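Structural overview
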Amino acid sequence: MRAVVYRQANQVEITEAPDPEPAPGEVLLRPILTGVCGTDKHLLAGGFMATYPLIPGHEIVAEVVHGGSTLAAGTLVAVDNTDVCRACDYCRRGQTLYCTAFRSLGCNAPGGFAELMVAPERKCFPLDGVDPSVAVLTEPLACAVHGADMLALTPGSDVLVLGAGPTGLLLTQLLLHGGAARLTVAAPSQHKLDLAVHFGADHTVVLPRGDQDGAFAAIKALAPNGFDVVVEATGVPTILERCPSLTRMGGTIMVYGMADADDRVAFSPYEIFSRELTIKGSFAQIECFDRSLAYLRTGRIKTDGIVTHTFGLDGFADALDAARLPGAVKAAIDPQR
Ligand SMILES: [Zn+2]
Ligand SMILES: [Zn+2]
């Protein structure tokens, strides 16, 4: 089969690879649409949990090639890329996301930028009519569902989301449906802010990549006492550093964007202490696929306009850089193209 292979950090090939063989409990799949995301760049740069050689691709919609005990051949599924050992200290306490042997197809095991792959059958969720172009957002939306679980938003909250990438746009909608009385989005790209408004955001602020003082003053003017909740969804440390001053006393900052492991920020501990701020993290997801698909099935969470570019396997390098194209939000790979 043909596949994208990360040989080692910063070395990518589109090449022939051995066809995978399903182990007991696994099914053979033909990926038909796999989303490209910032994590794929972090993995290529040697970050996150990369183990090489790696076939990346963790946002997978696939067709079942050979039926298993519950899935018939030809069934279209969204593949939950995460799996856990169920034996470590965390798993035994029911905190499976913290599994010390956390497995993630496309991150530390073969993923969906390939003509074929294998996955546990119980991790394959039938689309049941959801279009693959919509279902390709099941994994990012599942991560947003986990983020909403972690945030446990109080109804009536005034929310600021910094960043309007695909996950920011999905989380924005979840928070609008899950308790935000008002939601403001700040991000560099006007076309992404337009999408945020289309998805229901009340206010938007253009947050340029250069001098941001004016933009942060405009954000502050919207909530002079601060927002109840500030979601940092860019992964940029200098933006996270601004978050305490934007948060209302007793409020919550959620670190949702992925920074580099070596990044550092400077906070005033006195400010966190005296203003009783809470800082929460949210990482990936586990066991959120069914709820994610439920949102996509009813259309409660909208996806139109998020995937703007689709490439074949040979276009992987372009797909990885698609975010730089004018009007781009997110790219996907059709491995069968
Ligand atoms: Zn992703
Ligand atoms: Zn475990």
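Here's what I pulled together on the structure shown here. Treat the numbers as computed from the prediction; the structure is a model and nothing was measured.

**Points about the coordination of the zinc ion (ligand 1)**
Donor atoms from the polypeptide that bind the zinc ion (ligand 1) are C37 (SG), H58 (NE2) and E59 (OE), placed at 2.1 to 2.3 Å. For the zinc ion (ligand 1), the donor residues sit on a single chain with the sequence spacing C-x20-H-E. Taken together, the residues span a long stretch of sequence, with C37 in the loop between β3 (26–35) and α1 (38–44) and H58 in the loop between α1 and β4 (59–64) at a distance of 21 residues. The class of H58 is buried, set by a relative accessible area of 3%.

**So, the sheet that holds strand β10 (residues 157–162)**
If you walk across this open sheet you meet the 6 strands as β12-β11-β10-β13-β14-β15, and the pairing is parallel. Whereas interior strands pair on both sides, the edge strands pair on one side only; in this sheet they are β12 (203–206) and β15 (278–281). Pairwise comparison of adjacent strand axes, ignoring direction, gives a mean angle of 20° for this sheet. Where strand β14 (residues 247–255) lies against β15, 4 bridges are found, and the strand directions are parallel. The residue of β15 that forms the bridge with T252 is T278. Sitting on the sheet, helix α5 (residues 166–177) is in contact with β10, β11 (180–187), β13 (227–232) and β14, with an inclination near 165° to β11.

**Overview of the coordination of the zinc ion (ligand 2)**
For the zinc ion (ligand 2), the full set of protein donor atoms is C85 (SG), C88 (SG), C91 (SG) and C99 (SG), and the range of their distances to it is 2.3 to 2.4 Å. Metal-centred angles of 104 to 118° between the 4 donor atoms at the zinc ion (ligand 2) mark the site as tetrahedral. When the donor residues of the zinc ion (ligand 2) are listed from N- to C-terminus, their spacing reads C-x2-C-x2-C-x7-C. Take C99: its relative accessible area is 6%, and that puts it in the buried class.

**What about the packing of aromatic side chains?**
Tallying each qualifying case throughout the model produces 7 aromatic pairs. Considering the side-chain rings of Y90 and Y98, the 5.8 Å spacing of their centres and the 85° angle between planes classify their relative orientation as edge-to-face. By relative accessible area, which is 39% here, Y90 ends up partly exposed. Taking 5.1 Å as the distance between ring centres and 55° as the angle between the ring planes, the aromatic pair formed by F113 and F316 counts as tilted. Remark: F316 occurs in helix α11 (residues 316–320) and F113 occurs in the loop between β7 (103–104) and β8 (117–120); sequence separation between them is 203 residues. Among the residues examined, F316 registers a relative accessible area of 1% and is labelled buried. Through a chain of ring-to-ring contacts, three or more aromatic side chains come together here, namely Y6, F113 and F316.

Rules behind the numbers
Residues numbered from 1 in each chain as written. Chains lettered and ligands numbered in written order. Predicted model: local features only at pLDDT ≥ 70, side-chain atom pairs only at ≥ 80, totals over all residues. Heavy atoms only, no water. Donors = N, O, S within 2.8 Å, 3.2 Å for Na, K, Ca; no water. Helix = DSSP H or I, 4+ residues; strand = E, 2+ residues; numbered from the N terminus. Buried < 20%, exposed > 50% of the residue type's maximum accessible area, 1.4 Å probe, protein only. Pairing = 2+ DSSP bridges. Axes fitted to C-alpha atoms, helices over the stretch in contact; angles between N-to-C directions. Contact = heavy atoms within 4.5 Å. Tetrahedral: all angles 85-135°; square planar, octahedral: opposite > 155°, others 65-115°. Phe/Tyr/Trp six-rings, centres within 6.5 Å; stacked < 30°, edge-to-face > 60°.

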